[in-house]
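# What the coordinates show
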Amino acid sequence: MKSGKFWAWVVFALSAAYFFIPLLATFEFSLRLRRGVHSFDAYQIVLGDPRFQATFMYSVIAAIFTIILGVLVVVPAAYWIRLRLPQLRPIVEFITLLPLVIPAIVIVFGYIRMYGSNSPLPFLASDLGASSLLVIGYATLSLPYMYRAVDTGLRTIDVRTLTEAAQILGAGWSTIITKVILPNVLIAVLSGAFLTFAIVIGEFTMASLLNRPAFGPYLQNIGANRAYEPAALAIIAFAITWGCMSLIQILSRFAPKSANRPN
Amino acid sequence: MTDLSLSNRTIATKPAPPNAATAFRFPTQWIGVAPFFIFTIMFLILPTLYLVVGAFQDGDGHLTLDNLLQLVSDPSISNAYWVSIKISFWSAIIGAFAGLALAIAIVRGGLPNWIRSATLTFSGVASNFAGLPLAFAFIATLGRVGIVTALLRDVFNLNIYAMGFNFLTTAGLIVVYLFFQIPLMVVIIVPAIDGLKKEWGEAAATLGATQAQYWRMVVIPVLWPSFLGTVILLFANSFGAIATAYAFAGPALNIVPIKLYSQINGDVLHNPQLGYAIAFGMIVITGLANVFYIWFRTRSERWLK
Amino acid sequence: MVEPFLSIQHVRKSYGTNTVVQDFSLDVEPGEFVSFLGPSGCGKTTVLRMVAGFEEPSAGKIVVAGKDITRLKPNQRNVGMVFQAYALFPNLTVAQNIAFGLKVGGMNKPDADRRVAEMLEIIKLPQMAERYPYQLSGGQQQRIALARAIAPKPKLLLLDEPLSALDAKVRVSLREEIRSIQKKLDITTIFVTHDQEEALSISDRIAVMYGGKAEQVGTPFEIYNRPATKFVANFVGTLNVLEGTVTDAAAGTVRVNSEQVSLKGKLNGSKSGDTLTLALRPEAISLGRQPGRDSSLSGEISEVHFLGSVIRVRVGIGGNTVSLDTFNSPATPPPAVGEKAEISFSSDDMLVLH
């Protein structure tokens, strides 16, 4: 028992060192732009850079559209499967796991070849089309997380009983979806949304290959040309990721607790 | 929190209730899942199939194996695969065991409770902290002018670059990838460890088992499927990762995703057929890893529901 | 007196300032079936876990067959334990679960196989050997858990609320089965439960526990009919409580709602004018005057519940309500609410609670 606790502390301390030293070092490094003193100059330069503002806004908007698209694709499917087509669950779960197996670069390569300017569906012929394709790609990447979050949310509220109860009380489909199901899975949907946001905001591969003015390619450009600004950007990115995860944790406290059915 | 687990429970399905009406009301029954299937077929399955088919065709659409043979015959490509597999394999294995050790330490090690929740929160963040910012952080830390590099040189008189350290080596990339691999393991395996019932250990003890026997006969077999599934996930996770490595050296680094990136961008030589083959090879490798996992699990884990 | 097989001597357990078990002592004879009965938090499970070795007593000692095992590790004690949540190893088949203790004990495979088959026979599930726990019902899992616990021939069998997770029907049949297996194997057993009916029906002796102490230790008959304390009387069985005032301590007469009852020899030194708490079991009371019942009280019927074979009647007597059961007889109509009624009982059956 005693030695177990000792080793637990050792493992924890080593892990903490591995994870915190780079973060602290990065932070320290980001303060060194002005010679000889610590300053937030690197942050000022980065945040004041119009390209930073433009690309960051672009990625935020792309993330918001990604979340909307993800919700539209995932929520009806997850709900319908819980309600009517449980036999499809293995297939749908398999599909939602595919983006974890097929690398993003492969997916976007497929898009470029399939939806190029000369194809029947020429997404890449226009800027708007290319941006749409980026949002679609992001929605694909976030599919595993979104589906899982929503499905877990639906599981805890027992949709079948809720739907039947609403039907008995005379509710129509639109009422059921907007007044019964969505409010109850809102927390789950938001959790999935923030996770999606964290994944999408600095994404490089797809944005770069689709040639979009997104935050990821901007980061790459700064990283290749500057010394201290990248460190400041790394800290900012870490803070954004942390913010998203904290929001998910806070939200989970408001999530409906598992009702009558344990599974 | 990354609430995905490739573990056993998620696949559990309930038998469908007998529903005679299903066959007759086909169209309305499918309406709810139609957007999902249309979306995934158009933007996940067809694009992938397009590449797979393309890998077996030449420029004029004739069936050929030349593209795939080139993966093996071109030493720079086969070498890229080899390096990628090595990096992914070792970062998955090391990340998995380190993550497991950390998970066991915070769940079963008798550490204060706040350590457990702080570690879990941090792991949720760090497992999603990848790509370019991660590379920037490590450059600021262990780069040629990084803080820790300077510290080691000035205080301990250790010049790690003279000793052969470099982010562009297999070991260098593994060190960096562990920053998201370990936390991902923690996030997925902690619920599995929590699922180990205290009574199992007590039952084993009353039956005369030592702690070691209990671990060998119960704990390890029970955790094994989740663990193995996560190892596969970690493997795929680093096999497809590109941004971090790209930030270190741009297109110069010879790993598969960067090779493919260059092909697509036309940096090297524009040959889509070869690109298809490289992409196909990537799918085959991550796919094989999963097939191995599924095969292994169905063979040895009959006790899973 | 037989030498006690298990002897729990002045055992205490505290966590910081919180004492969960205070000075608990009990001797158990070989082959005896003893239940620890009490509400949750009474310390019964803690005592059991100290016997199993999962908790170390703060003071006192535990002796099994003359050997002090107080500081022994659980895996060196040779006790079998069954848990409320079955705790079968999910990765092992039924046969492998039962063989677990034999395997870690170093028994060779043929012997272990024979023993497993024997165990499956005893619990009447011989066809389940190759199943996995998730394929079994709760009752089946608990029987496997029992077989696993007794397979290595433990000196002691500890059952920690083994029936609480099961449905009512299975619970009754399994408790009978546990008792018969226990008798057949003659294994000394401690059974923890909060269900008084369970404890009464299968135990040789019961220790009723409350607040970390044994309130009373005795046979089910003694516990039920002669509860030593108010807590035991209330916790075990249904009880009608009446207030009485001693009118004549020497003659032993007590006034209950303006009527006199003679409780000679039961007053235990109470003085005239003292208020007493009296109790009667529902089955000790009859409706109307009956031969052989020396005492009676009159009141008014306030509730009638038809339960099938019996009819439960509540009678208001002054400020108190008394429940009693009468057998249903198709020929006589049940009593009606509002009727005047007289109840009779034998003053021997009246308990004076201290």
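Source: prediction; values computed, not measured. For every chain, the first residue of the written sequence is number 1, and numbering continues from 1 along that sequence. Written order determines the labels here, with chains lettered from A and ligands numbered from 1. With pLDDT at 70 or above as the cut-off, local features in this predicted model cover only qualifying residues; side-chain atom pairs require 80 or more to be listed or tallied, and sums for whole chains, interfaces and linings still use all residues. Hydrogens are left out, water is left out, and the side-chain values use all remaining heavy atoms of the structure.

### Observations regarding the side chain of S296(C)
Residue and element names in this part refer to chain C. For the purposes of this entry, the term helix denotes a DSSP run of H or I that reaches at least four residues, the term strand denotes a run of E that reaches at least two, and both are numbered from the N terminus. Following the sequence through the fold, S296 ends up in strand 16 (residues 295–306). Each polar contact in these results corresponds to two N or O atoms within 3.5 Å; when the atoms are within protein, one needs to be able to donate a hydrogen and the other to accept it, and residues that are neighboring in sequence are counted only if both atoms are side-chain atoms. Here R289 takes part through its side chain, which lies 3.1 Å from a polar atom of the side chain of S296. Setting aside anything within four residues of it in sequence, one finds S296 in contact with E259, R289, E342, I343 and S344. Throughout, a contact is declared for two residues whenever any of their heavy atoms are within 4.5 Å.

### Some details on the interface of chain B and chain C
Residue-level contacts link 21 residues of chain B with 22 residues of chain C. Here the quantity called buried area is the accessible surface, traced with a 1.4 Å probe, that two parts lose on coming together, added over both. Buried surface at the junction of chain B and chain C, both sides included, amounts to about 2,200 Å², of which 70% is carbon and sulfur. By the criterion of area lost to chain C, the three top residues of chain B are T206(B), L207(B) and W303(B), representing 32% of everything that side buries. Here, a salt bridge means any Lys or Arg side-chain nitrogen found within 4 Å of an Asp or Glu carboxyl oxygen. Counting across the chain B and chain C interface gives one salt bridge. Between E202(B) and R49(C) there is a salt bridge, with its nearest N and O atoms 2.6 Å apart. Where chain B meets chain C, there are five residue pairs in polar contact (both at pLDDT 80 or more). Of all elements in the fold, only helix 9 (198–206) and helix 10 (211–239) of chain B reach the threshold of two or more residues within the side of chain B that touches chain C. Here the element with the most residues in the side of chain B that touches chain C is helix 9 of chain B; it accounts for eight residues. A per-class count over the side of chain B that touches chain C returns twelve nonpolar, four polar and five charged. Charged means Asp, Glu, Lys or Arg here, nonpolar means Ala, Val, Leu, Ile, Met, Phe, Trp, Tyr, Cys or Pro, and polar covers whatever is left, Gly included.

### Observations regarding the UniProt feature "transmembrane region" (unreviewed entry) in chain A
Residues and elements named next belong to chain A. UniProt positions are given in the numbering used here, feature names are shortened, and annotations may be inferred rather than shown by experiment. Here, UniProt's "transmembrane region" (unreviewed entry) annotation points to residues 7–27, 56–79, 91–112, 124–147, 185–210 and 230–251. Along residues 124–147 one finds 88% helix and 0% strand; the C-alpha atoms at either end are 28 Å apart. The span residues 230–251 is 100% helix and 0% strand, and its two end C-alpha atoms sit 31 Å from each other.

### Topic: the UniProt feature "domain: ABC transmembrane type-1" (unreviewed entry) in chain A
When the UniProt feature table is mapped onto this chain numbering, "domain: ABC transmembrane type-1" (unreviewed entry) sits at residues 52–249 of chain A. Annotated as residues 52–249 of chain A, this span is 82% helix and 0% strand, and its ends, taken at the C-alpha atoms, are 29 Å apart.

### Section: the environment of V313(C)
All names here are of chain C. Of note, V313 is situated in strand 17 (residues 310–317). When its relative accessible area of 0% is taken as the criterion, V313 is described as buried. V313 sits 132 residues away from I181 along the chain, and the two C-alpha atoms are 39 Å apart. Burial classification: accessible surface area is computed with a 1.4 Å probe over protein chains only, and a residue below 20% of its type maximum counts as buried, one above 50% as exposed, and the rest as partly exposed.

### Observations concerning the confidence of the model for chain A
The predicted model of chain A averages 87 in pLDDT, with 96% of residues at 70 or higher. Per residue, pLDDT measures the predictor's confidence, with a range of 0 to 100. Note that residues 259–263 of chain A has pLDDT below 50 and, in this model, six contacts with residues that lie over four places away or in other chains.

### With respect to the interface of chain B and chain A
Every contact between the two is made by 89 residues of chain B and, on the other side, 86 residues of chain A. Between chain B and chain A, the buried area comes to about 7,600 Å², and carbon and sulfur atoms account for 79% of it. Linking chain B with chain A are zero salt bridges. One can count ten residue pairs in polar contact (both at pLDDT 80 or more) joining chain B with chain A.

### Let's talk about the pairing of strand 11 (residues 240–248) of chain C
Residue and element names in this part refer to chain C. Think of it this way: DSSP has to see at least two bridges between two strands before they count as a pair. By the bridge criterion, six bridges tie strand 11 to strand 14 (residues 275–280) in an arrangement that is antiparallel. By the bridge assignment, L242 is partnered in strand 14 with L278. Hairpin connection of strand 11 to strand 12 (residues 253–256): four residues between the antiparallel strands, including G252 at a positive phi of 80°.

### A look at the packing of aromatic side chains
Side-chain rings of Phe, Tyr and Trp (the six-membered ring for Trp) are treated as a pair once their centres are within 6.5 Å; stacked means planes under 30 degrees apart, edge-to-face means over 60, and tilted covers the remaining angles. Inspection of the entire model under this criterion finds 47 aromatic pairs over all chains. Between the aromatic rings of Y18(A) and F138(B), the centroid separation amounts to 6.4 Å while the plane-to-plane angle is 45°, which identifies the pairing as tilted. Pair noted here: Y18(A) is in helix 1 (residues 2–30) and F138(B) is in helix 6 (residues 131–142), and the two residues belong to different chains. Between the aromatic rings of F52(A) and Y218(A), the centroid separation amounts to 6.1 Å while the plane-to-plane angle is 65°, which identifies the pairing as edge-to-face. Taken together, the residues span a long stretch of sequence, with F52(A) in helix 3 (residues 50–83) and Y218(A) in helix 10 (residues 215–225) at a distance of 166 residues. The class for F52(A) is buried, based on a relative accessible area of 7%. The buried category is assigned to Y218(A), whose relative accessible area is 4%. Chaining the aromatic ring pairs together yields one cluster made of Y18(A), F19(A), F20(A), F238(A), W242(A), F122(B), F129(B), F138(B) and F179(B). For R148(C), the ring lying beneath its charged end belongs to F89(C), and the centroid distance is 4.6 Å. Only when the NZ atom of a Lys or the CZ atom of an Arg is both within 6 Å of the ring centre and within 35 degrees of the ring normal do we say a charge sits over the ring. Taking the ring centre of Y224(C) as reference, the NZ or CZ of R281(C) above it sits at 3.9 Å.

### A short note on the arrangement of the chains
Out of two pairs of chains that touch, the pair holding the most contacts is chains A and B. Looking at chain A next to chain C, you find no contact at all, with the nearest C-alpha pair sitting 12 Å apart.

### Observations concerning the pattern of salt bridges
All names here are of chain A. In the structure shown here, the tally under the stated rule is 25 salt bridges over all chains. Salt-bridge contacts for D127 lead to R212; the nearest nitrogen and oxygen are separated by 3.0 Å. A residue pair is termed long-range when its members are at least 10 positions apart, and D127 in helix 6 (residues 127–157) and R212 in the loop between helix 9 (205–209) and helix 10 qualify at 85 residues. When its relative accessible area of 56% is taken as the criterion, D127 is described as exposed.

### Some thoughts on the UniProt feature "transmembrane region" (unreviewed entry) in chain B
All names here are of chain B. Cross-referencing UniProt, the feature "transmembrane region" (unreviewed entry) maps to residues 30–53, 87–111, 131–152, 164–193, 213–236, 243–262 and 274–296 in the present numbering. Annotated as 88% helix and 0% strand, the span residues 87–111 places its first and last C-alpha atoms 33 Å apart. As annotated, residues 274–296 comprises 100% helix and 0% strand, and the C-alpha atoms at either end are separated by 32 Å.

### As for the sheet that holds strand 13 (residues 259–262) of chain C
Residues and elements named next belong to chain C. Pairing in this open sheet of five strands is antiparallel, and the strands run 13-12-11-14-20 from one edge to the other. For this open sheet the edge positions go to strand 13 and strand 20 (351–353), each flanked by a neighbour on one side alone. Across the sheet, the mean angle from the axis of one strand to that of its neighbour is 45°, orientation sign disregarded. To get an axis, a line is fitted to the C-alpha atoms, and for a helix only the part in contact is used. The angle between two axes follows their N-to-C directions and goes from 0 to 180 degrees.

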